[in-house]
Amino acid sequence: MARHLEFFFDLSSPWTCLAFHNLPGVLERTGATATYRPILVGGVFNAVNPAVYAAREQADNRRLQHSWKVLNDWARLAGVPMNFPSQWHPAKSVQAMRFAAALEEDQAALVRFARAAFASYFDRQENLDDPDILEAVANAEGLDGAAIRAAAGTDAVKARLRANTEEVVARGGYGSPTMFVDGTDMYFGNDQLPLVEAALTAK
């Protein structure tokens, strides 16, 4: 029986961008399936991890400064363009994540949109919170950007995104990406993907 992974994510996170690009290899090697779950990472931080904001305010934060080097090292290893940070950092992602939440029931379309949105922000340095850009990103993937944009503004999609965010917090998550193997085994971040792969192949 195939193992299953839930991938809770926010498009504004560079580490999530890397994990998103590295995950297909893990799924292919393990035969596992995955469900992608859009969240608002700012809502997660506000609820359980406000230290993230304090760290950003520390100009001499050595760990944060070193993390930019590590980020670029990972990006080169993964072959992922990482033109970051941009003028939009830290990005507001409400609009982008509503677009993503509008696509959650069509997982293939969600993956296509997310891949293109990551490239828009982390490669081309476009504004992740601009609905016009997001609509164009969707159209370029052969999706109906106008329809997704309209759906993203509905109360139902807003409620879905809010519920996903509250769910990942309730299950112990504290950032993006948060991953669960078979419902309860939680992992966080691109650097824990080897552990995810081990869990997906464990007997």
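Before going into details, it helps to say that this report is about the structure given with it. (Residues numbered from 1 in each chain as written. Predicted model: local features only at pLDDT ≥ 70, side-chain atom pairs only at ≥ 80, totals over all residues. Heavy atoms only, no water.)

Regarding the pairing of strand 4 (residues 185-188)
The pairing of strand 3 (residues 178-181) with strand 4 spans four bridges and is antiparallel. Within the sheet, the bridge partner assigned to T178 lies in strand 4 and is F188. A loop of three residues connects strand 3 with strand 4, the two strands running antiparallel in sequence, and D182 in this loop sits at a positive phi of about 55°. (Pairing = 2+ DSSP bridges. Helix = DSSP H or I, 4+ residues; strand = E, 2+ residues; numbered from the N terminus.)

Quick notes on the pattern of salt bridges
Counted under the stated rule, the structure contains 14 salt bridges. Between E167 and R37 there is a salt bridge, with its nearest N and O atoms 2.8 Å apart. Placement of E167 in helix 9 (residues 155-170) and of R37 in strand 2 (residues 33-38) is noted, with a sequence separation of 130 residues between them. Judged by its relative accessible area of 27%, E167 is partly exposed. Classification of R37 by relative accessible area gives buried; the value is 11%. (Salt bridge = Lys/Arg side-chain N within 4 Å of Asp/Glu carboxyl O. Buried < 20%, exposed > 50% of the residue type's maximum accessible area, 1.4 Å probe, protein only.)

Topic: the packing of aromatic side chains
Aromatic ring pairs: the centre-centre distance and the angle between the two ring planes describe each pair. Under the defined criterion, the tally for this structure stands at 13 aromatic pairs. Geometrically, the ring pair formed by Y174 and F188 is tilted, given 4.7 Å between the ring centres and 40° between the ring planes. Of this pair, Y174 sits in the loop between helix 9 and strand 3 while F188 sits in strand 4, and the two are 14 residues apart along the sequence. Y174 gets classed as partly exposed once you look at its relative accessible area, which sits at 33%. Taken together through their ring pairs, the aromatic side chains of F7, F9, F20, Y36, W68, F84, F118, Y121 and F122 make up a single cluster. (Phe/Tyr/Trp six-rings, centres within 6.5 Å; stacked < 30°, edge-to-face > 60°.)

As for the side chain of N127
One can find N127 in the loop between helix 6 (107-122) and helix 7 (131-140). Among the polar contacts made by the side chain of N127, one reaches the main-chain amide nitrogen of D129 at a distance of 2.9 Å. Excluding residues that lie within four positions of it along the chain, N127 makes contacts with W88 and I133. (Polar contact = N/O pair within 3.5 Å; in protein donor to acceptor, adjacent residues only side chain to side chain. Contact = heavy atoms within 4.5 Å.)

A closer look at helix 1 (residues 14-30)
Within an α-helix, residues lying three or four positions from one another point in the same direction, as the helix has 3.6 residues per turn. Its 17 residues give helix 1 an end-to-end C-alpha distance of 25 Å, which sits within 8% of 24 Å, the value for a rise of 1.5 Å per residue. P14, T16, C17, L18, A19, F20, L23, V26, L27 and T30 are the residues of helix 1 that are buried. Elements that come into contact with the buried residues of helix 1 comprise strand 1 (4-9), strand 2, helix 4 (62-78), helix 6 and helix 10 (193-201). Downstream of helix 1 by a residue or two, G31 has a phi angle that is positive, lying close to 75°. (Expected span 1.5 Å × (residues − 1).)

Describing the packing of helix 1 against helix 6
As a packed pair, helix 1 and helix 6 sit with axes 11 Å apart at the nearest point and diverge in direction by 135°. Classified by the interaxial angle, the pair formed by helix 1 and helix 6 is oblique. Read as a crossing pair, helix 1 and helix 6 show a hand that is left-handed. Contacts from P14, T16, C17, F20 and H21 of helix 1 reach helix 6 at V111, A114, R115, F118 and F122. In terms of residue class, the contact of helix 1 with helix 6 is made up of seven nonpolar, two polar and one charged. (Axes fitted to C-alpha atoms, helices over the stretch in contact; angles between N-to-C directions. Parallel < 35°, antiparallel > 145°, perpendicular 65-115°, else oblique. Left-handed = near helix turned anticlockwise from the far one by under 90°. Nonpolar A, V, L, I, M, F, W, Y, C, P; charged D, E, K, R; others polar.)

Notes on the nonpolar core
Counting residues in hydrophobic clusters, the biggest one holds 51 residues, and the most contacted among them are L11, Y36 and F113. Sorting elements by how many residues they give to this core places helix 6 first, with 10 residues. By size, the runner-up hydrophobic cluster in this structure holds five residues, among which are F8, V44, V168 and F180. (Core = buried A, V, L, I, M, F, W, Y, C linked by side-chain atoms within 4.5 Å.)

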